[in-house]
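The lines below spell out each chain.
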Amino acid sequence: MESSDRSSQAKAFDETKTGVKGLVASGIKEIPAMFHTPPDTLTSLKQTAPPSQQLTIPTVDLKGGSMDLISRRSVVEKIGDAAERWGFFQVVNHGISVEVMERMKEGIRRFHEQDPEVKKRFYSRDHTRDVLYYSNIDLHTCNKAANWRDTLACYMAPDPPKLQDLPAVCGEIMMEYSKQLMTLGEFLFELLSEALGLNPNHLKDMGCAKSHIMFGQYYPPCPQPDLTLGISKHTDFSFITILLQDNIGGLQVIHDQCWVDVSPVPGALVINIGDLLQLISNDKFISAEHRVIANGSSEPRISMPCFVSTFMKPNPRIYGPIKELLSEQNPAKYRDLTITEFSNTFRSQTISHPALHHFRI
Ligand SMILES: O=C(O)CCC(=O)C(=O)O
Ligand SMILES: [Fe+2]
């Protein structure tokens, strides 16, 4: 598609302020050209791992993490192994009730399915706001194919917005879910610190667990799911991401050069290592590339990744590879940076372009 056509289509789409949900509501049977994914990516959608390699990402039962020393060591080992080899794992017995998770997903659905005039008031790309709704974070930063997904983004920690500033249909549950996530996040950072051979508080003391931004993702049914993606291949900009997904499926991660499904496990949360933790762990943990295929079912797919990071909020703190992990054999692979610097790089390019390599020494 010509780049001038692409940008005028993107502008007109943005001005509707109703995202891809609005396109579906208008009854379209064919998706607009700006959503068409290039043929080489479409080919990779059809390539699955051979049956002999039917791989699944590890699931870790966190119950043992707060029990005796031996059980804790085994949980730490499993998490460390998953963070090194996959960058992705699921957790069960994580302390957040199924009831709260269900209410959270229902809240996201209500936000995206409410009267468009109410939803439009939140439409913005301005990340100095605490609460914003948009479609395609990189819609105007590049010429890449747009994705079949809309997003509600809320900066929830350390300074949660006032309840009246959050969307009425999901504000209360967001507050509650965010508090519980904070506790889970701190626990995960303890286990991840231990897995790096550091004292349990190391990552928390570096401020890694302090801030998070919650994204309410909505993937409406797509009339031509073979032509586009829910979200293109990318890595996350966070330290870690804690992901709540419904049972539709479609999330995939690259492992040993193959796309592997991250199939929904009832009651589980998906944890993935983000770029910032890969950087401070000096590549010990990996921020794996992942994507979501377009939703071909008749129901919307709902997910809520919670990115543990300050992202676009001011943060003067400097991060670099953790000194205790470095040696002559393992010199620093990245230069020091602020999260703002990292996030600006992430946002200035297409999400499919890895931001981390800009900071490699
Ligand atoms: O919706 C999902 O399952 C994952 C979304 C994702 O990877 C992201 O928003 O960064
Ligand atoms: Fe992601």
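Refer to the structure presented above.
Residues numbered from 1 in each chain as written. Chains lettered and ligands numbered in written order. Predicted model: local features only at pLDDT ≥ 70, side-chain atom pairs only at ≥ 80, totals over all residues. Heavy atoms only, no water.

**Examining the site of ligand 1**
The environment of ligand 1 is made up of 13 residues, and the closest members are Arg149, Tyr219, His234, Arg301 and Ser303. One of the side-chain N or O atoms of arginine 149 is found 2.9 Å from an oxygen atom in ligand 1. If ligand 1 stood free it would expose 300 Å²; the protein chains cover 95% of that surface. Comparing atom positions with the cavity grids shows ligand 1 to sit within the largest cavity. Going through the elements one at a time, β5 (212–219), β11 (290–293) and β12 (301–308) are the ones with two or more residues in the shell around ligand 1. A per-class count over the shell around ligand 1 returns six nonpolar, four polar and three charged. (Near = heavy atom within 4 Å. Polar contact = N/O pair within 3.5 Å; in protein donor to acceptor, adjacent residues only side chain to side chain. Areas by Shrake-Rupley, 256 points an atom, 1.4 Å probe, with all protein chains shown as cover. 1 Å grid on protein atoms, 1.4 Å probe; cavity = no way out; pocket = protein on both sides within 12 Å on 5 of 7 lines; lining within 4 Å. Sits in = over half its atoms within 2 Å of the grid points. Helix = DSSP H or I, 4+ residues; strand = E, 2+ residues; numbered from the N terminus. Nonpolar A, V, L, I, M, F, W, Y, C, P; charged D, E, K, R; others polar.)

**Observations concerning unusual backbone geometry**
In this structure, the amide linkage connecting alanine 157 to the following residue, proline 158, adopts the cis form with an omega of 10°. On the secondary structure map, proline 158 appears in the loop between β4 (150–157) and α7 (171–195). Non-glycine residue asparagine 136 carries a positive phi angle of around 70°. Tracing the backbone through its elements, the reader meets asparagine 136 in the loop between β3 (131–134) and β4. Asparagine 136 gets classed as buried once you look at its relative accessible area, which sits at 6%. The phi dihedral of glutamine 257 is positive, around 65°, even though this residue is not glycine. Inspection of the secondary structure assignment puts glutamine 257 in the loop between β8 (251–255) and β9 (258–261). With a relative accessible area of 79%, glutamine 257 lands in the exposed category. (Buried < 20%, exposed > 50% of the residue type's maximum accessible area, 1.4 Å probe, protein only.)

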